[in-house]
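So you can see what is in the structure, the chains are spelled out below.
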Amino acid sequence: MRRIDEITSGIQPPFVAVDLAAFDDNAQDMVRRAAGVPIRIATKSVRCRELIARALRVDGYLGLMCYSLAEALWLHGEGLSDDILVAYPTADRAALRELAANPSAAAAISIMVDSTDHLDFVDDAVGPDRPDIRLCVEVDASWKPLPGVHIGTRRSPLHTPAQVRRFAEAAQRRRGFAVVGLMAYEGQIAGLGDAPPGKPLRGALLRAVQRRSAAELAQRRAALVRQVREVADLEFVNGGGTGSLERTAVEEGVITEVAAGSGLIGPTLFDAYRSFQPRPAVLYALPVVHRPAKKIVTLFGGGYIASGPPGEDRVPAPHWPEGLGLLGTEGAGEVQTPVIGAAARGLRIGDRVWFRHAKAGELAERFDRYHLIDGRLVSVGCSAVVEAPTYRGEGRSFG
């Protein structure tokens, strides 16, 4: 971290630095964990075209998973990929009309559906005279061990193989649609660290739940894929996430690809896994602007709280200098963030404190550009810092 701080010494904080060596290592480690199953990049976790393109150049990555149809149309138009899955259903009429009017985009982009209401919405938005709209059917991957017990994200109403088949049959009968894929995201496995710091009992419980959930889902996913293949020519079956690559990739003959993005970045929420440890690749620097006490300095800005259920795991974490922490009575604020610790004694006005965000992509909504740092270039006399715009810096916002 000291090396990154030295290389960026001439940049005025607040700013974001991307450690490209860490990013590249993370990309390779996810390929290893996926064990030959292609990885579709979850763009929501990156939100910077240069970094998305960098990951796509790594063997083992194939295609994009976007979080918005408008985003998918933009990235396709920019030439990033001709294999794009939109991970969430869309209610964007303008984007649907643009998709239907562009045969190249319609052949490259698959939209997410889980009910005939979605099909009705598309028909109402674009009419019947259009290229076939490529459909991916979303399956509820949550675990329901007992009546009324739901463990996982609440996404699709389609849970059983019979339900998925009936919907696929209905979609295939509709003019202007083609079922080409299935997706089941096991958030209760991929998105929950199985070794939460300081909570060994919770970790043990989580691991037990995840083992049972993974076993149930593997069996159910195999059955529903068999059912749907009888009525549709599936091109892909997508599953997993950064936190479950190993578990999902082993579903041989069922899963054709896995999705991941946060593992490229290494946010703090992914520190709580036993099976892998991504390197922190994206960090942001805040300047010291106050010294209210010997062991406390106050920084400018920094209150970048992550989405999800409010809790300590959603706040940014001081990363360097080591030994700093947030004040429990103030936390990370919109315009100022006090930090406390022995390291604060040596900090002066204008010095930097480096932070990590709790989630991977949300930091890009705060900054127009990232500073891409490659310390490996310093020894050969090349520039080690390149600026790259985030989605926000390109005037794009999809959330």
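S.K.: Got a sec to walk through the sheet that holds strand β2 (residues 39-42)? Specific residues and values, please.
M.R.: The parallel closed barrel is built from eight strands, whose spatial order is β2-β3-β4-β5-β6-β7-β8-β9. Ignoring strand direction, the axes of neighbouring strands in this sheet form an average angle of 30°. Here strand β3 (residues 61-66) pairs with strand β4 (residues 84-86) via three bridges, running parallel. In the sheet register, C66 faces β4, and the bridge partner there is V86. Lying on the sheet, helix α8 (residues 161-173) is in contact with β5 (109-113), β6 (133-138) and β7 (177-184); it crosses β7 at an angle near 155°.

S.K.: Help me get a handle on the packing of aromatic side chains, residues and values and all.
M.R.: For any pair of aromatic rings, geometry is given as the distance between the ring centres together with the angle between the planes. Tallying each qualifying case throughout the model produces ten aromatic pairs. Between W74 and F398, the aromatic rings sit 5.9 Å apart at their centres with planes inclined by 35°, giving tilted as the arrangement. Remark: F398 occurs in the segment after β17 (385-389) and W74 occurs in helix α4 (residues 69-77); sequence separation between them is 324 residues. The class of F398 is buried, set by a relative accessible area of 17%. Within the aromatic cluster, the residues linked to one another by ring pairs are Y67, W74, Y391 and F398. The ring of F276 carries R33 above its face, with NZ or CZ at 3.7 Å from the centroid. Note that R47 overlies the ring of Y67, its terminal NZ or CZ placed 5.1 Å from the centroid.

S.K.: Tell me about helix α2 (residues 20-34), and please be specific about residues and values.
M.R.: Within an α-helix, residues lying three or four positions from one another point in the same direction, as the helix has 3.6 residues per turn. Taking 1.5 Å as the rise per residue, α2 with 15 residues should run 21 Å; its terminal C-alpha atoms sit 21 Å apart, in good agreement. Listing the buried residues of α2 in full gives L20, A21, A22, F23, D24, N26, A27, M30, R33 and A34. Just beyond α2, the residue with positive phi is A35, at close to 55°.

Analysis parameters
Residues numbered from 1 in each chain as written. Predicted model: local features only at pLDDT ≥ 70, side-chain atom pairs only at ≥ 80, totals over all residues. Heavy atoms only, no water. Pairing = 2+ DSSP bridges. Helix = DSSP H or I, 4+ residues; strand = E, 2+ residues; numbered from the N terminus. Axes fitted to C-alpha atoms, helices over the stretch in contact; angles between N-to-C directions. Contact = heavy atoms within 4.5 Å. Phe/Tyr/Trp six-rings, centres within 6.5 Å; stacked < 30°, edge-to-face > 60°. Buried < 20%, exposed > 50% of the residue type's maximum accessible area, 1.4 Å probe, protein only. Lys NZ or Arg CZ within 6 Å of the ring centre and 35° of its normal. Expected span 1.5 Å × (residues − 1).

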